[in-house]
Amino acid sequence: MATPHLSVVIPCFNHGAYLPEVLRSIESAKRNDVEVIIVDDGSTDTLTCEVIAGLDRNRITIIRQQNAGVAAARNAGFRAAKADIFLPVDADNRIRPAYIEQGIALLSADPDVGVVYGDAEYFGARTGRWKTGKFDLERLLEWNYIDACAVLRREVWEQNGGYDEAMPRMGLEDWDMWLGAVSRDWKFAYVPEVLFDYRVVPGSMISKANPGSHETERYVAAKHGYLYRKAWQRMKDERWPAKAKVLGRKLRGGVKENSDGGPASAGELAIS
């Protein structure tokens with residue numbers, strides 16, 4: 001393959017049973033400019049080891065590492081990627097050809113767009129459409145609503161210092177990535193159609209990373225205090241006191257407060 005346009009990175013921990021499905025979904029795009037990288041994050045079950053051992057190394061890059069979590073696995077895959085556009089896909093999900101097509105097209109058309117995302121279709125323990133919706137910073141500040149399965153530029157990932165491997169809970173490192181992209185003025189392009197299939201398994205990691213994860217909220221609020229402070233001030237200036245009060249109360253445990261009751265990180269206090 002010549003230099004690929006897009007690198008699909010698949011972290012895998014004991015999900016070998018699902019790998020054939022996700023690989024077939026990538027192949028269905030029928031493109032010869034897409035690189036596939038699987039990062040085996042210290043899998044221990046026999047089936048996963050057998051499936052990975054049987055993959056064609058001429059078509060798929062395999063990286064093996066000790067179990068370090070999904071953030072570290074994605075980072076390892078991105079570091080090895082040859083393309084400047086990435087699409088991370090969990091091993092138990094599936095992507096649709098339009099994701100690759102739309103991702104490459106939209107990023108090529110507008111250099112200010114750093115992230116392309118769309119809707120998903122649930123399958124497994126839950127069915128129906130996951131309608132993500134247009135980009136909304138206030139919504140993103142409240143909680144992550146854009147899945148990690150999104151097309152992003154290498155530059156976005158590099159500027160953010162990769163996925164944060166120190167997040168209190170695995171499964172929300174993409175939230176930090178999106179807020180990092182916002183802070184550097186990257187635009188988000190939303191495609192209002194189903195672009196990937198999201199498998200729901202009872203007891204999965206994401207089911208544990210819910211809005212009750214206060215430790216993660218505090219961590220994110222402290223790290224991205226500038227964005228939260230700006231949002232709070234805008235709400236106050238535009239006379240949305242109820243919204244401002246909710247945001248301030250929500251973040252109070254994670255960032256310091258100014259004398260006016262607004263959230264501000266320690267770094268914010270120096271520039272506000």
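The model shown is predicted, which means the values in this text are computed figures rather than measured ones.

### A word on the pattern of salt bridges
Moving on, step 1. In this structure the tally under the stated criterion is 16 salt bridges.
Moving on, step 2. Close ionic contact of Asp 84 with Arg 154 constitutes a salt bridge, the shortest N to O distance being 3.1 Å. A residue pair is termed long-range when its members are at least 10 positions apart, and Asp 84 in the loop between helix 3 (70-80) and strand 4 (85-88) and Arg 154 in helix 6 (residues 154-159) qualify at 70 residues.
Moving on, step 3. Relative accessible area serves as the criterion here: at 52%, Asp 84 is assigned to the exposed category.
Moving on, step 4. Note on Arg 154: relative accessible area 14%, which makes it buried.
Moving on, step 5. The residue Asp 197 makes a salt bridge to Arg 94 at a minimum N-O spacing of 3.9 Å. One end of the pair, Asp 197, is in strand 9 (residues 187-200); the other, Arg 94, is in strand 5 (residues 94-95), with 103 residues separating them in the sequence.
Moving on, step 6. Note on Asp 197: relative accessible area 9%, which makes it buried.
Moving on, step 7. For Arg 94, a relative accessible area of 24% puts it in the partly exposed group.
Moving on, step 8. One salt-bridge network, held together by shared partners, links Glu 21, Arg 94, Arg 96, Asp 197 and Arg 199.

### Points about the environment of Asn 67
Moving on, step 1. Structurally, Asn 67 is set in the loop between strand 3 (60-65) and helix 3.
Moving on, step 2. Beyond its immediate chain neighbours, meaning those up to four positions away, Asn 67 contacts Phe 13, Asp 41 and Gly 42.
Moving on, step 3. Within the structure, Asn 67 has its side chain in polar contact with the backbone oxygen of Asp 41 (distance 2.9 Å).

### Concerning the nonpolar core
Moving on, step 1. Residues Ile 10, Leu 19, Ile 38, Leu 87, Tyr 99, Leu 152 and Trp 178 are the most contacted members of the largest nonpolar core, which totals 77 residues.
Moving on, step 2. Sorting elements by how many residues they give to this core places strand 9 first, with eight residues.
Moving on, step 3. Excluding residues that lie within four positions of it along the chain, Ile 38 makes contacts with Ile 10, Cys 12, Leu 19, Leu 23, Leu 55, Ile 60, Thr 61, Ile 62 and Ile 63.

### Here we look at the confidence of the model for the chain
Moving on, step 1. Summing up the model confidence of the chain, the mean pLDDT is 87 and the portion of residues at 70 or higher is 82%.
Moving on, step 2. The low-confidence segment residues 253-272 (pLDDT under 50) makes 41 contacts with residues lying over four places distant or belonging to another chain.

### Here we look at unusual backbone geometry
Moving on, step 1. Phi at Asn 14 takes a positive value of approximately 60 degrees, unusual for a residue other than glycine.
Moving on, step 2. Residue placement: Asn 14 occurs in the loop between strand 1 (6-12) and helix 1 (19-27).
Moving on, step 3. A residue is classified by how much of its surface remains accessible, and Asn 14, at 26% relative accessible area, is partly exposed.
Moving on, step 4. Unlike most non-glycine residues, Asp 185 shows phi in positive territory, near 70 degrees.
Moving on, step 5. Relative to the helices and strands, Asp 185 resides in the loop between helix 7 (173-183) and strand 9.
Moving on, step 6. Residue Asp 185 is classed as exposed on the basis of its relative accessible area, which comes to 66%.

### Considerations on the packing of aromatic side chains
One pair of aromatic rings is described through two measures. These are the centre distance and the angle between the planes.
Moving on, step 1. Scanning all chains against the criterion turns up 13 aromatic pairs.
Moving on, step 2. For the pair Phe 78 and Phe 86, a centre-to-centre distance of 4.2 Å together with 35 degrees between the ring planes defines the contact as tilted.
Moving on, step 3. Seen from their ring centres, Tyr 99 and Phe 196 are 6.1 Å apart, and the 20 degrees between their planes marks the pair as stacked. Pair noted here: Tyr 99 is in helix 4 (residues 97-109) and Phe 196 is in strand 9, with a separation of 97 residues, a long-range link. A single burial state applies to Tyr 99 and to Phe 196, both of which are buried.
Moving on, step 4. An aromatic cluster of at least three residues, connected via ring pairs, comprises Tyr 99, Tyr 122, Trp 130, Phe 196 and Tyr 198.
Moving on, step 5. Taking the ring centre of Phe 123 as reference, the NZ or CZ of Arg 94 above it sits at 4.0 Å.

Quick notes on the rules
- Residues numbered from 1 in each chain as written.
- Predicted model: local features only at pLDDT ≥ 70, side-chain atom pairs only at ≥ 80, totals over all residues.
- Heavy atoms only, no water.
- Salt bridge = Lys/Arg side-chain N within 4 Å of Asp/Glu carboxyl O.
- Helix = DSSP H or I, 4+ residues; strand = E, 2+ residues; numbered from the N terminus.
- Buried < 20%, exposed > 50% of the residue type's maximum accessible area, 1.4 Å probe, protein only.
- Contact = heavy atoms within 4.5 Å.
- Polar contact = N/O pair within 3.5 Å; in protein donor to acceptor, adjacent residues only side chain to side chain.
- Core = buried A, V, L, I, M, F, W, Y, C linked by side-chain atoms within 4.5 Å.
- pLDDT = per-residue confidence, 0-100.
- Phe/Tyr/Trp six-rings, centres within 6.5 Å; stacked < 30°, edge-to-face > 60°.
- Lys NZ or Arg CZ within 6 Å of the ring centre and 35° of its normal.

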